[in-house]
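Residue strings, one per chain:
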Amino acid sequence: MITALDHVQLAAPPGSEDRLRAFYADALGLTELPKPPALAARGGCWFGGGPVQLHLGIETDFRPARKAHPGLRVTAIDAFATRLTAHGVPVTWDDNLPGHRRFYADDPVGNRLEFLEPVSGGPS
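Note that the structure is predicted; figures quoted are calculated from it, not measured. (Residues numbered from 1 in each chain as written. Predicted model: local features only at pLDDT ≥ 70, side-chain atom pairs only at ≥ 80, totals over all residues. Heavy atoms only, no water.)

Considering the pattern of salt bridges
Here comes step 1: For the structure on display, the rule yields 6 salt bridges.
Here comes step 2: Residue Arg21 is joined to Glu32 by a salt bridge in which the shortest nitrogen-to-oxygen separation is 2.8 Å. With Arg21 in helix α1 (residues 17–27) and Glu32 in strand β2 (residues 31–33), this residue pair connects regions lying 11 residues apart in the sequence.
Here comes step 3: For Arg21, a relative accessible area of 29% translates into the label partly exposed.
Here comes step 4: Exposure remark for Glu32: the relative accessible area of 34% places this residue in the partly exposed category.
Here comes step 5: Notably, a salt bridge pairs Glu114 with Arg102, separated by 3.1 Å at the nearest N-O pair. Pair noted here: Glu114 is in strand β8 (residues 112–118) and Arg102 is in strand β7 (residues 100–106), with a separation of 12 residues, a long-range link.
Here comes step 6: Several salt bridges share partner residues, and in doing so they unite Asp18, Arg21 and Glu32 into one network. (Salt bridge = Lys/Arg side-chain N within 4 Å of Asp/Glu carboxyl O. Helix = DSSP H or I, 4+ residues; strand = E, 2+ residues; numbered from the N terminus. Buried < 20%, exposed > 50% of the residue type's maximum accessible area, 1.4 Å probe, protein only.)

Below is the structure:
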């Protein structure tokens with residue numbers, strides 16, 4: 001029986017850790033999590049906030065995820081979008097999911113991320 005989602009892993013190119021930290025920690029407000037030493041030697045970074053963990057693993061033949069993406073539930077979505085744009089991250093709003101407000105943004109290596117917030121009275 002599956003009881004929870006532990007984390008989502010996205011790929012990133014070699015040498016991108018500083019750009020990932022600037023985006024995931026500074027722009028998104030997540031905390032960098034220490035990786036176990038055996039895994040830290042592989043590069044990449046792990047981030048978390050509340051029950052959410054995103055792991056960025058280094059992939060030599062990296063191609064960004066343009067369709068596949070994590071959906072990250074947020075509160076105060078307008079303020080969150082403003083925070084991202086203040087960090088130079090373009091956001092693309094999409095109103096095609098009933099009961100939610102949502103937008104998409106790309107991380108600094110081109111991976112797609114979805115940010116969504118249920119609206120009052122809509123499905124959650």
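Now that the structure has been shown, the text picks up again.
Regarding helix α3 (residues 77–86)
Here comes step 1: All of the buried residues along α3 are Ile77, Phe80, Ala81 and Leu84. Projected down its long axis, α3 carries its buried residues within an arc of 100°, all on one side. Away from the buried face of α3 by more than 90 degrees, exposed residues Thr82 and Ala86 are located.
Here comes step 2: Against the buried residues of α3 lie α1, β6 (92–94), β7 and β8.
Here comes step 3: Just beyond α3, the residue with positive phi is Gly88, at close to 80°. (Arc of directions from axis to C-beta. Contact = heavy atoms within 4.5 Å.)

Let's talk about the environment of Asp6
Here comes step 1: Along the chain, Asp6 falls in the segment before β1 (8–12).
Here comes step 2: Using a relative accessible area of 55% as the deciding quantity, one classes Asp6 as exposed.
Here comes step 3: Considering only alpha carbons, one finds Asp6 and Val52, 46 residues apart in sequence, at a separation of 7.8 Å.

Regarding the sheet that holds β6
Here comes step 1: With mixed pairing, the 4 strands of this open sheet are ordered in space as β5-β8-β7-β6. With partners counted over all chains shown, the strands left at the sheet margins are β5 (71–73) and β6, one partner each. For this sheet the average axis-to-axis angle between neighbouring strands, irrespective of direction, equals 30°.
Here comes step 2: Relative to β7, α3 is tilted by about 15°, and along the sheet it contacts β6, β7 and β8. (Pairing = 2+ DSSP bridges. Axes fitted to C-alpha atoms, helices over the stretch in contact; angles between N-to-C directions.)

Re the environment of Pro98
Here comes step 1: In this fold, Pro98 is placed in the loop between β6 and β7.
Here comes step 2: Overall, the relative accessible area of 62% leaves Pro98 in the exposed class.
Here comes step 3: Each C-alpha atom, one on Pro98 and one on Val119, is 8.9 Å from the other, the two residues being 21 residues apart in sequence.

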